[in-house]
Amino acid sequence: MGNGSGEASIIELKGTRDQIYQKISSNGDAEEFFLKTKPNVMMFVVLLNETNIKKLYISEGISKTIPKKIIGSLGKSIDIVVKKCSRGRPREYDEKEVRMVLSKKTSSNQEKMKELGMPRRTFFYWKRKLGFSKK
């Protein structure tokens, strides 16, 4: 029953400082972490000293708050990967699909709404947002 060829799970570091330090200390053998809270220097020290960290994932927003010197010096000992993360509620409608249906010239707005399966108000919101309304 070895972990062998399975991919290592990524430990998410979020919450209060105490919760983050507790998660770090309880996952000392983990190699990959995803930092979702603005870090302080002590957090990096604890990560480097108490874990076998090889890869650190950071969201774009948090990476902007960390000084370049710190990222540079961390990059010498571990891999730092900046990930693009979307915030908020997931979109119900796919923008590419909406754009494709709106670009059709032959069907009426009513037919397009039925094809997309969206309410009238949402349809006209997307139409205005994507620049298909005439003004």
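Worth saying up front: this structure is predicted, and the values here are computed from it rather than measured.

About the criteria used
Residues numbered from 1 in each chain as written. Predicted model: local features only at pLDDT ≥ 70, side-chain atom pairs only at ≥ 80, totals over all residues. Heavy atoms only, no water. pLDDT = per-residue confidence, 0-100. Contact = heavy atoms within 4.5 Å. Axes fitted to C-alpha atoms, helices over the stretch in contact; angles between N-to-C directions. Helix = DSSP H or I, 4+ residues; strand = E, 2+ residues; numbered from the N terminus. Parallel < 35°, antiparallel > 145°, perpendicular 65-115°, else oblique. Nonpolar A, V, L, I, M, F, W, Y, C, P; charged D, E, K, R; others polar. Buried < 20%, exposed > 50% of the residue type's maximum accessible area, 1.4 Å probe, protein only. Pairing = 2+ DSSP bridges. Right-handed = clockwise from strand over helix to strand, strands pointing away. Salt bridge = Lys/Arg side-chain N within 4 Å of Asp/Glu carboxyl O.

Student: Could you give an account of the confidence of the model for the protein, with specific residues and numbers?
Tutor: Summarising the model, the protein shows a mean pLDDT of 87, and 93% of its residues fall at 70 or more. This stretch, residues 1-7, has a pLDDT under 50; its non-local contacts, to residues over four places away or in other chains, come to zero contacts.

Student: Outline the packing of helix α2 (residues 41-50) against helix α4 (residues 68-77), supporting the account with residue identities and numerical values.
Tutor: Contact pair α2 / α4: the axes reach a minimum separation of 13 Å and the direction vectors enclose 0 degrees. Our classification of the angle between α2 and α4 gives roughly parallel. Residues Val41, Phe44 and Leu48 of α2 lie in contact with α4, whose contacting residues are Ile70, Leu74 and Ser77. Of the residues assigned to the contact of α2 with α4, the class counts are five nonpolar, one polar and no charged.

Student: Outline the pairing of strand β3 (residues 55-59), listing residues and values.
Tutor: Most of β3 is tucked away, with four of its five residues classed as buried. Looking at chain direction, strand β2 (residues 32-35) and β3 are connected through four bridges and run parallel. Looking at β3, one finds that Glu32 is bridged to Lys55. In this fold, the crossover linking β2 to β3 by way of α2 has right-handed handedness. Taken together, the five bridges between β3 and strand β4 (residues 79-83) define a ladder with parallel strand orientation. The residue bridging Leu56 from the neighbouring strand is Ile80, located in β4.

Student: Quick one: what's the story with the pattern of salt bridges, residue by residue and with numbers?
Tutor: Evaluated as defined, the whole model comprises six salt bridges. Residue Lys36 is joined to Glu12 by a salt bridge in which the shortest nitrogen-to-oxygen separation is 3.1 Å. Of this pair, Lys36 sits in the loop between β2 and α2 while Glu12 sits in strand β1 (residues 11-13), and the two are 24 residues apart along the sequence. By relative accessible area, Lys36 is classed as partly exposed at 37%. Among the residues examined, Glu12 registers a relative accessible area of 31% and is labelled partly exposed. Lys54 is the salt-bridge partner of Glu31, the closest N and O atoms lying 4.0 Å from each other. With a gap of 23 residues between them, Glu31 in the loop between α1 (17-26) and β2 and Lys54 in the loop between α2 and β3 connect regions that are remote in the sequence. Through salt bridges that share partners, Glu12, Lys14 and Lys36 make up one connected network.

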